[in-house]
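Per-entry structural report
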Amino acid sequence: MEIGEEDRADFLEWLGPDTSAIVFTLLHHPVDLARASAVSRSWRTFVIANQFSKIQCLRVCPEVSNFTGIEASSSGSDVKEDVGPSAAAEWENQNRYHRVYMHLCHSLFLPYSSRDCIIRCIGASSTDNFPEESIENTLEPIDHVEMSLSYWSSGGQRDPSFPECLVYMLHSDLCVIDEIKIQPFKAFFQYGDPIYSAQYVRFRMGYPKFPLCPEQFVSDESEGQRTADDNYIWTYTSPEFSMVQEYVPQSFKLPHAVLCIGGVVKIELLGRVQKQAMDGLYYICVSHVQILGNPLSRELAVGPRENGVVLEYQPEPRRSNVGRCDLVGDDERSPSKWHNFATIIWQSGTGRGMGWNQALLRRLLFGPPLQLEDEGEAA
């Protein structure tokens, strides 16, 4: 029997908006939501108006609640008919939110294999001997690089509760992080082979309040200046994890996969357990760090605003994302490939870390040369 137009009905009308909303929230995958929104105009309107795409994102990563807005180019399509100018603008705004959150949700559901998301070091709260014991050394998976040791060492402290931190920049503005690995350093050249681990670790993720340019990263002059909390907005803070005083890579699984909004991770090292016999001071030393997860598409980015942070969708990926000043070719310029060469330059000759060695190093790493006068002409 053929069903006439008068016999057809939309279950949204049968159930009403409240019960229908409960039914739609049972859709847990973005593909299912996309199919539902394609059934009819009324279903699509219902999906967009109730922000079910954002609800799906929040279910996967609660950190999505930190976004205060959406920025994306208007497609000029799917405009509702028979509405006034203000209603049309509001509908287009809701439609834009839906498109961007659907794109984000799809990215969150894509299968992936965890990889190290660190692209470069921002800085350490302190360094005992720079650059020999710089944070850059923590990017190397081994303790020896050619004839040099490779580890980071904090400055010495008499108070064993004095904290330290290491701050890293990730490959993308948006990374899903599920695990962090830290290996303490074992000083085999000291009596008893002491291991300079921390007592506890805690992790913060977020974005810088102001763009970070290459010259503000790891250097003797800027040591510790970019590690303070007032430089960042932290959108996630982990619980504290206990470290063991063992010379092994220690894995710290987060309670859930965390969306790092802004691409900055701060590792807080809390409490000291090992005193150096030579000076009687407590130190923390780290051999290697990995921040494991999945960088999301560069079409998705974040932008700090006065009232918070917005989620940006740009079909043409930007060369420079939040907090990154002209960082061209990040994927090709891995810090682990450069820091050994940098150390050689800093350590060469009697002019270590000065003059033309410093100019050459900064030119190779950051691009534009420093204009230094010849010593003879300056005289």
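The structure displayed is predicted, hence computed values, not measured ones.

Once that is clear, we can look at the overall build of the protein chain. Helix and strand content of the protein chain: eight helices and 18 strands. Looking at the protein chain as a whole, 48% of its 379 residues are labelled buried. Counting only contacts in the protein chain whose residues sit at least 6 apart along the sequence, the fraction spanning at least 24 positions is 77%.

The next subject is the confidence of the model for the protein chain. Model confidence for the protein chain is summarised by a mean pLDDT of 81, while 74% of its residues fall at 70 or above. This model gives residues 1–5 a pLDDT under 50, and the stretch forms one contact once residues within four places in sequence are excluded. Predicted confidence for residues 369–379 stays below pLDDT 50, and this span has eight contacts to residues more than four positions away or in other chains.

The subject of this paragraph is a nonpolar patch on the surface. Judged by side-chain polarity, Trp-14, Leu-15 and Val-23 come together as a nonpolar surface patch covering roughly 330 Å² of accessible area. Structurally, the position occupied by Leu-15 is in helix H1 (residues 11–25). Accessibility expressed as a relative area gives 39% for Leu-15, which makes it partly exposed.

What follows is about the pattern of salt bridges. Evaluation of the coordinates by the stated rule reveals 10 salt bridges. Its salt-bridge partner being Glu-312, residue Arg-305 comes within 3.1 Å of it at the nearest N-O pair. Glu-312 gets classed as buried once you look at its relative accessible area, which sits at 6%. It is possible to trace a salt-bridge network through shared partners that takes in Arg-202, Arg-204, Glu-240 and Glu-268.

Next up on the list: the sheet that holds strand S18 (residues 308–313). If you walk across this open sheet you meet the three strands as S1-S18-S17, and the pairing is mixed. Every interior strand has two partners, whereas the edge strands, strand S1 (67–72) and strand S17 (300–305), have only one. Going from strand to strand, the sheet's axes swing by 30° on average, the running direction of each strand aside.

Another point: helix H2 (residues 30–37). Those residues of H2 lying buried are Pro-30, Leu-33, Ala-36 and Ser-37. All buried residues of H2 project into a common sector of 120° when viewed along the axis, lining one side.

What follows is about the nonpolar core. One broad trend across soluble globular proteins is that nonpolar side chains are buried collectively. Counting residues in each nonpolar core, the largest one holds 34 residues, and the members touching the most others are Tyr-168, Ile-177 and Ile-182. At the level of secondary structure, the elements contributing two or more residues to this core comprise strand S3 (118–124), strand S7 (164–170), strand S8 (174–184), strand S9 (198–208), strand S12 (250–261), strand S13 (264–272) and strand S16 (285–295). Judged by nonpolar contacts, the second largest core, of 22 residues, contains Leu-104, Cys-105, Leu-108 and Leu-300.

As a rule of thumb, non-glycine residues mostly have phi less than zero, and peptide bonds are mostly trans rather than cis. A cis geometry characterises the amide bond from Phe-130 onward to Pro-131, with omega recorded as 5°. In this fold, Pro-131 is placed in the loop between S3 and strand S4 (144–145). Phi angles above zero are rare outside glycine, and Gln-51 is one such case at about 55°. Among the structural elements, Gln-51 can be located in the loop between helix H3 (41–49) and helix H4 (52–60).

The relative placement of two packed helices comes down to the angle between their axes together with the axis-to-axis distance. Two numbers describe how H1 lies on H3: the axes approach to 11 Å, and their chain directions differ by 35°. Considering the relative orientation of H1 and H3, their crossing is right-handed. Residue-level contacts link Phe-11, Leu-12, Pro-17, Ser-20, Ala-21 and Phe-24 of H1 to Ser-42, Trp-43, Phe-46 and Val-47 of H3. Of the residues assigned to the contact of H1 with H3, the class counts are eight nonpolar, two polar and no charged.

What counts, and at which threshold
- As a convention, each chain's residues are numbered from 1 in the sequence order in which they are written.
- It should be noted that, the model being predicted, local features are given only for residues of pLDDT at least 70 and side-chain atom pairs only at 80 or more, the latter also being counted only at that level, while totals for whole chains, interfaces and linings use all residues.
- Think of the side-chain values as coming from all heavy atoms in the structure, minus any hydrogens and water.
- Here a helix means four or more residues in a row that DSSP labels H or I, a strand means two or more in a row labelled E, and each is numbered from the N terminus.
- Between buried and exposed lies partly exposed: a residue is buried under 20% and exposed over 50% of the maximum accessible area for its type, with that area taken using a 1.4 Å probe on protein chains only.
- Any two residues whose heavy atoms approach within 4.5 Å are treated as being in contact.
- pLDDT is defined as a per-residue confidence score from the predictor, taking values between 0 and 100.
- Patch definition: residues above 30% relative accessible area lacking any salt bridge, with like charges linked at up to 9 Å and the nonpolar side chains Val, Leu, Ile, Met, Phe, Trp and Tyr linked at up to 5 Å.
- Shrake-Rupley sampling with a 1.4 Å probe provides the accessible areas, and residues are treated as covered by the protein chains on show and by no other component.
- Think of a salt bridge as a Lys or Arg side-chain nitrogen and an Asp or Glu carboxyl oxygen that are within 4 Å of each other.
- Here, any two strands with at least 2 DSSP bridges between them count as paired.
- The axes used here are C-alpha line fits, helices contributing only the stretch in contact, and every angle between their N-to-C directions lies in the interval 0 to 180 degrees.
- What the arc describes is the spread of directions from the helix axis to the C-beta atoms.
- Throughout, nonpolar core names a set of buried Ala, Val, Leu, Ile, Met, Phe, Trp, Tyr and Cys residues whose side chains join them through atoms within 4.5 Å.
- Should the near helix be turned anticlockwise from the far one by less than a right angle, the crossing is termed left-handed; should it be turned clockwise, right-handed.
- Under this grouping Gly is polar, as are all residues other than the nonpolar Ala, Val, Leu, Ile, Met, Phe, Trp, Tyr, Cys and Pro and the charged Asp, Glu, Lys and Arg.

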